[in-house]
Amino acid sequence: MAVQINPSILSADFSRLAEEAKAVEGADWLHVDVMDNHFVPNLTLGVPIVESLAKATDTPLDCHLMIEDPDRWAPQYVEAGAGSVTFHVEAAAAPVRLAREIRAKGARASMALKPATPIEPYEDLLPELDMLLVMTVEPGFGGQAFLDIMLPKIRRTRELISKHGLQLWLQVDGGVSASTIEQCAEAGADVFVAGSAVYGADDPAAAVRLLRDQAAAVTASAPWACAH
Ligand SMILES: O=C(CO)[C@@H](O)[C@H](O)COP(=O)(O)O
Ligand SMILES: [Fe+2]
């Protein structure tokens, strides 16, 4: 699979969301951070805004739910138009049932791990997922510094995906920029969320292209990338 770059709308100007979404058309997905001020200490947006964004752009929506009770809420984000819905395993009561429900409703099912959550206990869940998100900052805010101590977890996750011969995508989110994306790609990530690195650039669409070229140059020689 080719590498994918998902700009995070969290770093955009919220008074011009539709324009900001259009500014990154050409990106693979638009990453939408949903925060409820309970699972994380920040409050962003919810179902009605996702519904509006889905109408405002042709780029598919990658909804990252940083909320309590995703078992109840995640299906509503599929109905709102998200093409991919990520729930946090730390918040889900029944992650397998939830992943199956998201898929049954027609979206890609994805599960996220906070920095202190290991991947190993969830090895058996991987076949239920279309994507696994390894957070490279503590969830809650854009513009934080990349946690390079997450690189071994990215590497171990890629090894587990290869060991089971799975096709699921491995996403990284938090502090991904021109100076960190290559390390993430080397470790085995193939889907890259970038907020401040894209929306903080003078030309967000060009920033997406540059990040994609950087990551692609690394994964071109990765054995797991060739197998896709
Ligand atoms: O989920 C989150 C933060 O919790 C992210 O999606 C951020 O929005 C990424 O922003 P940058 O770290 O790239 O600025
Ligand atoms: Fe996110």
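Keep in mind that what you see is a predicted model, and the values were worked out from it rather than measured.

How each quantity is defined
Residues numbered from 1 in each chain as written. Chains lettered and ligands numbered in written order. Predicted model: local features only at pLDDT ≥ 70, side-chain atom pairs only at ≥ 80, totals over all residues. Heavy atoms only, no water. Donors = N, O, S within 2.8 Å, 3.2 Å for Na, K, Ca; no water. Tetrahedral: all angles 85-135°; square planar, octahedral: opposite > 155°, others 65-115°. Helix = DSSP H or I, 4+ residues; strand = E, 2+ residues; numbered from the N terminus. Buried < 20%, exposed > 50% of the residue type's maximum accessible area, 1.4 Å probe, protein only. Polar contact = N/O pair within 3.5 Å; in protein donor to acceptor, adjacent residues only side chain to side chain. Contact = heavy atoms within 4.5 Å. Core = buried A, V, L, I, M, F, W, Y, C linked by side-chain atoms within 4.5 Å. UniProt positions renumbered as here; feature names shortened; annotations may be inferred. Right-handed = clockwise from strand over helix to strand, strands pointing away. Pairing = 2+ DSSP bridges.

Peer 1: What am I meant to see in the coordination of the iron ion (ligand 2) here?
Peer 2: Four donors placed tetrahedrally about a metal ideally form angles of 109.5 degrees, and six donors placed octahedrally ideally form angles of 90 or 180 degrees. Note on the iron ion (ligand 2): its protein donors are His31 (NE2), Asp33 (OD), His64 (ND1) and Asp173 (OD). The metal-donor distances range over 2.1 to 2.3 Å. Seen from the iron ion (ligand 2), its six donor atoms lie at angles of 73 to 175 degrees, and the figure they make is octahedral. Within one chain, the residues donating to the iron ion (ligand 2) are spaced in sequence as H-x1-D-x30-H-x108-D. Of this pair, histidine 64 sits in strand β3 (residues 61–66) while aspartate 173 sits in strand β7 (residues 169–173); the two residues are 109 residues apart in sequence, bridging distant segments of the chain. On the basis of relative accessibility, which here comes to 0%, the residue histidine 64 falls in the buried class.

Peer 1: Looking at this structure, I do not really get the side chain of asparagine 42. What am I missing?
Peer 2: Checked against the element boundaries, asparagine 42 lands in the loop between β2 (30–35) and α2 (47–56). Of note is the side chain of asparagine 42, whose polar atom sits 2.8 Å from the backbone oxygen of glycine 140. Ignoring anything within four residues of it in the chain, the contact list for asparagine 42 reads Met35, Asp36, Asn37, Gly140 and Phe141.

Peer 1: Mind showing me how you'd approach the nonpolar core here?
Peer 2: Grouped together as the largest cluster of nonpolar side chains are 64 residues, with contacts concentrated most on Val32, Ile102, Leu132 and Phe192. Residues in contact with phenylalanine 192, not counting those within four places in the same chain, are Val3, Gln4, Ile5, Asn6, Val172, Val176, Ile181, Cys184, Ala185 and Ala215. In this structure, Leu10, Met35, Met66 and Ala91 belong to the second largest nonpolar core, which totals six residues.

Peer 1: So what exactly am I meant to see when it comes to the UniProt feature "binding site: substrate" (unreviewed entry) in the protein chain here?
Peer 2: The positions that UniProt labels "binding site: substrate" (unreviewed entry) are, in the present scheme, Ser8, His64, Gly140, Phe141, Gly142, Gly143, Asp173, Gly174, Gly175, Gly195 and Ser196. Structurally, glycine 140 is set in the loop between β6 (131–135) and α5 (151–163). Residues in contact with glycine 140, not counting those within four places in the same chain, are Met35, Val40, Asn42 and Met66. Looking at the secondary structure, you find glycine 143 in the loop between β6 and α5.

Peer 1: I keep staring at the pairing of strand β5 (residues 108–113) and nothing clicks. Help me out?
Peer 2: The side chains of a regular strand alternate between the sheet's two faces. Most of β5 is tucked away, with five of its six residues classed as buried. With helix α4 (residues 95–104) bridging strand β4 (residues 84–88) and its parallel neighbour β5, the resulting β-α-β unit is right-handed. Both β5 and β6 contribute to a ladder of four bridges, which runs parallel. Among the inter-strand pairings, alanine 112 is bridged to a residue of β6, identified as leucine 133.

Peer 1: Honestly, the UniProt feature "active site" (unreviewed entry) in the protein chain in this entry has me stumped. Any pointers?
Peer 2: UniProt marks Asp33 and Asp173 with the feature "active site" (unreviewed entry), using the numbering shown here. These annotated residues cover 141 residues of sequence, and their C-alpha atoms all fall within 10.6 Å of one another, placing them together at a single site. Within the secondary structure, aspartate 33 is located in strand β2. By relative accessible area, which is 4% here, aspartate 33 ends up buried. Setting aside anything within four residues of it in sequence, one finds aspartate 33 in contact with Ser8, Leu10, Thr44, Leu45, His64, Met66 and Asp173. In terms of polar contacts, aspartate 173 uses its side chain to reach the side chain of histidine 31, at 3.2 Å.

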